[in-house]
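Understanding the architecture of this molecule
One letter stands for each residue in the lines below.
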Amino acid sequence: MTTAQPQELDVQPTPLALLLLGREADPRSERGVECPGDLPSPSDPDLVARARAAKEKLGDKVFVLGHHYQRDEVIQFADVTGDSFKLARDAAARPEAEYIVFCGVHFMAESADILTSDDQKVVLPDLAAGCSMADMATAEQVAECWDVLTEAGIAEQVVPVSYMNSSADIKAFTGRHGGTICTSSNAERALNWAFEQGEKVLFLPDQHLGRNTAVRDLGMSPADCVVYNPHRPNGGLTTEELRAAKMILWRGHCSVHGRFSLDSVEDVRERIPGVNVLVHPECRHEVVAAADYVGSTEYIIKALEAAPAGSKWAIGTELNLVRRLANRFASEGKEIVFLDKTVCFCSTMNRIDLPHLVWALESLAEGTLVNRIEVDKETEAFAKLALERMLALP
């Protein structure tokens, strides 16, 4: 990892501090670097027209992907919207598009690069758009965890299952060790497959999705799950605890979905009689247990599409999407509110704003490739192997 050279001070800024400030780069993740040149001013009244003009100039050479959690000012320029894996597959289905502009976060752009052809170039408008959950599991930490499992004599019994919200390095680790990737929609199928291959699962990096799927869908006991903390020796677990566990959950979580609490559910039921509580499985187990419905982002959208007019819904997922759905279905008399009283956007997803999108599109239109996300061939091969196992799930 590179760091800035100290000038007048003797104190060297920490790499983490530099990344948080949006300065300097981690060569393995490419996050945290500033855009070369100046971004358009966010107050520029011509931003929409500039984005439209650049996109029209590029024509079929560009394909813009917009994740559901993106802000509306960006979503309006997306050729398709969806969750991370759907968008990556949509990009692969457009081989004529030379540039894939991914309005999402870093791991999503990596997945798009893995699935698209060598001739296609994936662009992330702001390289600082990361994912706190994905960053909670580094390749070095996971390798150390595997050493701990090996020393405990159980590595041969363990099948890794990694959530799509993980880095290319973690996906590659999963592929190398006979595991598969999962989404929030197919996590149950992925775990069933994994337990046919081995006796235990190492679930990365979201402990809540892993626990909710194991307990809620597979009928396990919470006692069957242990949490591996990469910041503690041996993950904070004894050899006996590791040997007894069926699910070894990585200590990671979504900073947005992790904010919802049981109090949030109880409060909204008191404020809105008859409300349906619908949450994402990245929420804490007690929130999922108290909800009426649980499902992926696509599930949430379809549930609201099918909901009767006049029904009331409290949604536990990212606020940009909740607001968009509330506006979309208001004319049908559906009352849709955010589960928590506290406003909570995905801060890293929101780094992709209109100035960054305009800068990226205008640069491409002028023939300058910027902010390319490119996964090395070895990592790509093993990550693709893990993804192919997911696609082959029964």
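Structure: above.
The present account deals with the structure reproduced in this document. Fair warning: this is a prediction, and the values are worked out from it, not measured in the lab.

Bringing the packing of helix α2 (residues 47-58) against helix α15 (residues 354-365) into the picture now. Here α2 crosses α15 at 30 degrees, and the two axes come no closer than 9 Å. The handedness of the crossing between α2 and α15 is left-handed. Contacts between α2 and α15 involve Leu47, Val48, Arg50, Ala51, Ala54, Lys55, Lys57 and Leu58 from the first element and Leu354, Pro355, Val358, Leu361, Glu362, Leu364 and Ala365 from the second. Counted by class, the contact of α2 with α15 contains 11 nonpolar, no polar and 4 charged residues.

Inspection of the entire model under this criterion finds 4 aromatic pairs. Judged by centre distance (5.6 Å) and plane angle (80 degrees), the rings of Trp146 and Phe173 are edge-to-face. Remark: Phe173 occurs in helix α7 (residues 168-176) and Trp146 occurs in helix α6 (residues 139-151); sequence separation between them is 27 residues. The exposure classification of Trp146 matches that of Phe173, with both residues buried.

What follows covers the environment of Thr239. Mapped onto the elements, Thr239 comes out in helix α10 (residues 239-244). Among the residues examined, Thr239 registers a relative accessible area of 32% and is labelled partly exposed. In this structure, the C-alpha to C-alpha distance between Thr239 and Glu151, residues 88 residues apart in sequence, is 8.6 Å.

So, on to the pairing of strand β1 (residues 62-67). Looking along a regular strand, one sees the side chains alternate between the two faces of the sheet. Among the 6 residues that make up β1, 6 are buried, leaving the element largely enclosed by the rest of the structure. Where β1 lies against strand β3 (residues 99-103), 5 bridges are found, and the strand directions are parallel. Looking across to β3, one finds that Leu65 is bridged to Phe102. The pairing of β1 with strand β2 (residues 80-82) spans 3 bridges and is parallel. Residue pairing for β2: Gly66 is matched across the bridge by Thr81.

Parameters and conventions
Residues numbered from 1 in each chain as written. Predicted model: local features only at pLDDT ≥ 70, side-chain atom pairs only at ≥ 80, totals over all residues. Heavy atoms only, no water. Axes fitted to C-alpha atoms, helices over the stretch in contact; angles between N-to-C directions. Helix = DSSP H or I, 4+ residues; strand = E, 2+ residues; numbered from the N terminus. Left-handed = near helix turned anticlockwise from the far one by under 90°. Contact = heavy atoms within 4.5 Å. Nonpolar A, V, L, I, M, F, W, Y, C, P; charged D, E, K, R; others polar. Phe/Tyr/Trp six-rings, centres within 6.5 Å; stacked < 30°, edge-to-face > 60°. Buried < 20%, exposed > 50% of the residue type's maximum accessible area, 1.4 Å probe, protein only. Pairing = 2+ DSSP bridges.

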